[in-house]
Amino acid sequence: DAGITQSPRHKVTETGTPVTLRCHQTENHRYMYWYRQDPGHGLRLIHYSYGVKDTDKGEVSDGYSVSRSKTEDFLLTLESATSSQTSVYFCAISESQAGPLHFGNGTRLTVT
Amino acid sequence: AQSVTQPDIHITVSEGASLELRCNYSYGATPYLFWYVQSPGQGLQLLLKYFSGDTLVQGIKGFEAEFKRSQSSFNLRKPSVHWSDAAEYFCAVGSLPGRTGTASKLTFGTGTRLQVTL
């Protein structure tokens, strides 16, 4: 398996609180992604990074921000969590522009 | 915009039977196509990928997929299903980005859940 660690694996938080999810890779891959998975929607791209300090928005980026200060770490922040952000969040990495993506084991986030 | 349709939400097959999972995509140019498998509580594992060349692609665990441009399809097949194949399967489409240096963005289908009966 690709060396991807997501932390925490599970989190319960209250509406309105900030939350940061971390993705750490040991593969030295340039490209990193955050997806969310919801029943009936498959996986939807939140944000992605194509290098240190280089990030861009995906299709469901509202309410989320990201940062990448080192090659190995990609952080996803929910500035003020809402119940609609209850989901399973997956980090993915890729060695090349075209993929394929390799996924972490996910973080299950519940916003009460 | 690219899109992926997996028309079957849930499929049940008997162990030892053949399997075909359908995937249709929408994309203007030549796509990159992928199949992933997800077991409960796990991340997605790459089964196979198509970038170019031979339209019949072999993957891991005995899976194969065929790219048919005329039908905009990339169906996943396995000749004989094992109970351990029970999982959720996702088809995804991607492409090279227009600008160098940026990343390809994969679009995923909504998945097909496979149940295997003994």
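Structure shown above.
Residues numbered from 1 in each chain as written. Chains lettered and ligands numbered in written order. Predicted model: local features only at pLDDT ≥ 70, side-chain atom pairs only at ≥ 80, totals over all residues. Heavy atoms only, no water.

Draft legend 1. Quick look at the overall build of chain B. Looking only at helices and strands, one finds zero helices and 12 strands in chain B. Helices (α) and strands (β) of chain B occur, in sequence order from the N terminus, as β-β-β-β-β-β-β-β-β-β-β-β. In terms of C-alpha radius of gyration, chain B reaches 14 Å, essentially the compact-globule figure of 13 Å for 118 residues. For the C-alpha atoms alone, the extent of chain B along its principal axes is close to 50 × 30 × 25 Å. Taken over 118 residues, chain B has a buried fraction of 48%. For chain B, contacts bridging at least 24 residues in sequence account for 56% of all contacts bridging at least 6. Working note: accessible area of chain B is about 5600 Å², and carbon and sulfur atoms make up 48% of it. When the 10 basic and 8 acidic side-chain charges of chain B are each reduced to a single mean position, those positions are 10 Å apart. (Helix = DSSP H or I, 4+ residues; strand = E, 2+ residues; numbered from the N terminus. Rg over C-alpha atoms; globule rule 2.2 N^0.38 Å. Buried < 20%, exposed > 50% of the residue type's maximum accessible area, 1.4 Å probe, protein only. Contact = heavy atoms within 4.5 Å. Areas by Shrake-Rupley, 256 points an atom, 1.4 Å probe, with all protein chains shown as cover. Lys, Arg positive; Asp, Glu negative; His and termini not counted. Charge placed at Lys NZ, Arg CZ, Asp CG, Glu CD.)

Draft legend 2. Spatial organisation of the side chain of A:His29. In this structure, A:His29 sits in the loop between β3 (19-25) and β4 (31-38). Those residues within four positions of A:His29 in sequence are excluded, and the remaining contacts are A:Arg68, A:Thr71, A:Ile93, A:Ser94 and A:Glu95.

Draft legend 3. Representation of the interface of chain A and chain B in the model. Between chain A and chain B, the residue contacts involve 24 residues of the former and 25 residues of the latter. When chain A packs against chain B, the two sides together hide about 1900 Å² of surface, and 57% of this comes from carbon and sulfur. Where chain A packs against chain B, one counts zero salt bridges. The interface formed by chain A and chain B holds three residue pairs in polar contact (both at pLDDT 80 or more) in total. Among the elements of the structure, β4, β5 (42-51) and β6 (54-57) of chain A are those that each provide at least two residues to the side of chain A that touches chain B. (Buried area = accessible area lost by both parts, 1.4 Å probe. Salt bridge = Lys/Arg side-chain N within 4 Å of Asp/Glu carboxyl O. Polar contact = N/O pair within 3.5 Å; in protein donor to acceptor, adjacent residues only side chain to side chain.)

Draft legend 4. Up close: the side chain of B:Ser73. All names here are of chain B. Topologically, Ser73 is positioned in strand β9 (residues 73-78). Of the residues examined, Ser73 reaches a relative accessible area of 4% and is grouped as buried. With near-sequence residues (within four places) excluded, Ser73 lies in contact with Cys23, Asn24, Tyr25, Glu66, Phe67 and Lys68.

Draft legend 5. Layout of the pairing of strand β2 (residues 10-14) of chain B. Residue and element names in this part refer to chain B. On β2, burial follows the alternation: Ile11 and Val13 on one face are buried, whereas His10, Thr12 and Ser14 on the facing-out side are not. Sheet topology note: the β2/strand β12 (residues 112-117) ladder contains five bridges and is parallel. For Thr12, the partnering residue across the bridge sits in β12 and is Gln115. (Pairing = 2+ DSSP bridges.)

Draft legend 6. A look at the state of the cysteines. Residue and element names in this part refer to chain A. One pass over the full model with this rule turns up two disulfides over all chains. Note on cysteine connectivity: Cys23 is disulfide-linked to Cys91, with sulfurs 1.9 Å apart. Linking Cys23 and Cys91, the disulfide has an S-S dihedral of approximately -70° and is accordingly described as left-handed. On the criterion of sequence distance, the pair formed by Cys23 in strand β3 and Cys91 in strand β9 (residues 87-94) is long-range, its members being 68 residues apart. A relative accessible area of 0% means that Cys23 is categorised as buried. (Disulfide = S-S within 2.5 Å.)

Draft legend 7. The arrangement of the packing of aromatic side chains in detail. The final tally for this structure, using the stated rule, is 18 aromatic pairs over all chains. With a centroid separation of 6.4 Å and 80° between ring planes, the pair formed by A:Phe90 and A:Phe103 is classed as edge-to-face. You can see A:Phe90 sitting in strand β9 and its partner A:Phe103 sitting in strand β10 (residues 102-103), a full 13 residues away along the chain. According to the relative accessible area criterion, A:Phe90 is buried, its value standing at 2%. Overall, the relative accessible area of 10% leaves A:Phe103 in the buried class. Between B:Tyr36 and B:Phe108 the ring centres are 5.7 Å apart and the planes differ by 50°, which places this aromatic pair in the tilted class. Of the two residues, B:Tyr36 sits in strand β5 (residues 32-38) while B:Phe108 sits in strand β11 (residues 107-108), which places them 72 residues apart along the sequence. The class for B:Tyr36 is buried, based on a relative accessible area of 0%. Members of the aromatic cluster, connected to one another through ring pairs, are A:Tyr33, A:Tyr35, A:Tyr48, A:Tyr50, A:Phe90, A:Phe103, B:Tyr32, B:Phe34, B:Tyr36, B:Phe51 and B:Phe108. (Phe/Tyr/Trp six-rings, centres within 6.5 Å; stacked < 30°, edge-to-face > 60°.)

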